[in-house]
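Residue-level structure breakdown
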Amino acid sequence: MASSQPKLTAINSGIDVKTTFPTARVKRIMQADEDIGKVAIATPTAVTMALQLFITSLVLIGAAEAHESGTNKITVDHLKQGISNTTQFDFLHDLVNNTKDD
């Protein structure tokens, strides 16, 4: 499987991905787990930033696949194809393979 890293940098220049996740909500989700005790002030912020980077990466991979197929609309199939072609998202391959096609 080839890495889609060059596609990401090429397509990244023309796409502005805006992702925002409320830090307070992330903190609330973390505190809802009984196994997690007190949460340091910086932890929800770090988790929020990591989540934003993850979502941005997925969107850019989907956008690259959509661009290659000649469309501007990202579909589930574009995300599946992008995840399958990117070694960075190996941990999602089982999930993608078990998801039904639309």
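In this text, all values refer to a predicted model and were calculated from it rather than measured experimentally.

Here the focus is the overall build of the protein. In terms of helices and strands, the protein carries 5 helices and 0 strands. The order of α-helices and β-strands along the protein, N terminus first, is α-α-α-α-α. Among the 102 residues that make up the protein, the fraction classed as buried is 27%. In the protein, the proportion of contacts linking residues at least 24 apart, taken out of those at least 6 apart, comes to 54%.

Our focus in this paragraph is the packing of aromatic side chains. Summed over the entire model, instances satisfying the criterion amount to 3 aromatic pairs. Both rings, one in Phe-54 and one in Phe-91, keep their centres 6.2 Å apart while their planes meet at 35 degrees; by these two values the pair is tilted. One end of the pair, Phe-54, is in helix H3 (residues 42-68); the other, Phe-91, is in the loop between helix H4 (76-85) and helix H5 (93-97), with 37 residues separating them in the sequence. On the accessibility criterion, Phe-54 (28% relative accessible area) is partly exposed. Ring centres of Phe-89 and Phe-91 lie 6.2 Å apart, and the angle between their planes is 55 degrees; this geometry places the pair in the tilted category.

The next subject is H3. Across its 27 residues, H3 extends 39 Å between first and last C-alpha, which sits within 8% of the 39 Å expected from 1.5 Å per residue. Within H3, the full set of buried residues consists of Pro-44, Thr-48, Thr-56, Ser-57, Leu-58, Leu-60, Ile-61, Gly-62, Ala-63, Ala-64, Glu-65 and Ala-66. One or two steps after H3, the chain reaches Gly-70, where phi turns positive at roughly 85 degrees.

Judged by nonpolar contacts, Leu-58, Ile-61, Ile-83, Phe-89, Leu-92 and Val-96 together constitute the single largest core of 6 residues. Leave out the neighbours within four places in its chain, and Leu-92 touches Phe-54, Leu-58 and Ile-83.

Attention shifts here to the environment of Val-39. Note on placement: Val-39 falls in the loop between helix H2 (23-32) and H3. Spatially, the C-alpha atoms of Val-39 and Arg-28 are 9.9 Å apart, while their sequence positions differ by 11 residues. Contact partners of Val-39, with chain neighbours within four places excluded, come to Met-30, Gln-31 and Pro-44.

In this section: the environment of Thr-20. Within the fold, Thr-20 resides in the loop between helix H1 (5-12) and H2. Thr-20 sits in the exposed class, given a relative accessible area of 70%. In this structure, the C-alpha to C-alpha distance between Thr-20 and Thr-48, residues 28 residues apart in sequence, is 8.3 Å.

Here is what the cut-offs are and how they apply
- Residues numbered from 1 in each chain as written.
- Predicted model: local features only at pLDDT ≥ 70, side-chain atom pairs only at ≥ 80, totals over all residues.
- Heavy atoms only, no water.
- Helix = DSSP H or I, 4+ residues; strand = E, 2+ residues; numbered from the N terminus.
- Buried < 20%, exposed > 50% of the residue type's maximum accessible area, 1.4 Å probe, protein only.
- Contact = heavy atoms within 4.5 Å.
- Phe/Tyr/Trp six-rings, centres within 6.5 Å; stacked < 30°, edge-to-face > 60°.
- Expected span 1.5 Å × (residues − 1).
- Core = buried A, V, L, I, M, F, W, Y, C linked by side-chain atoms within 4.5 Å.

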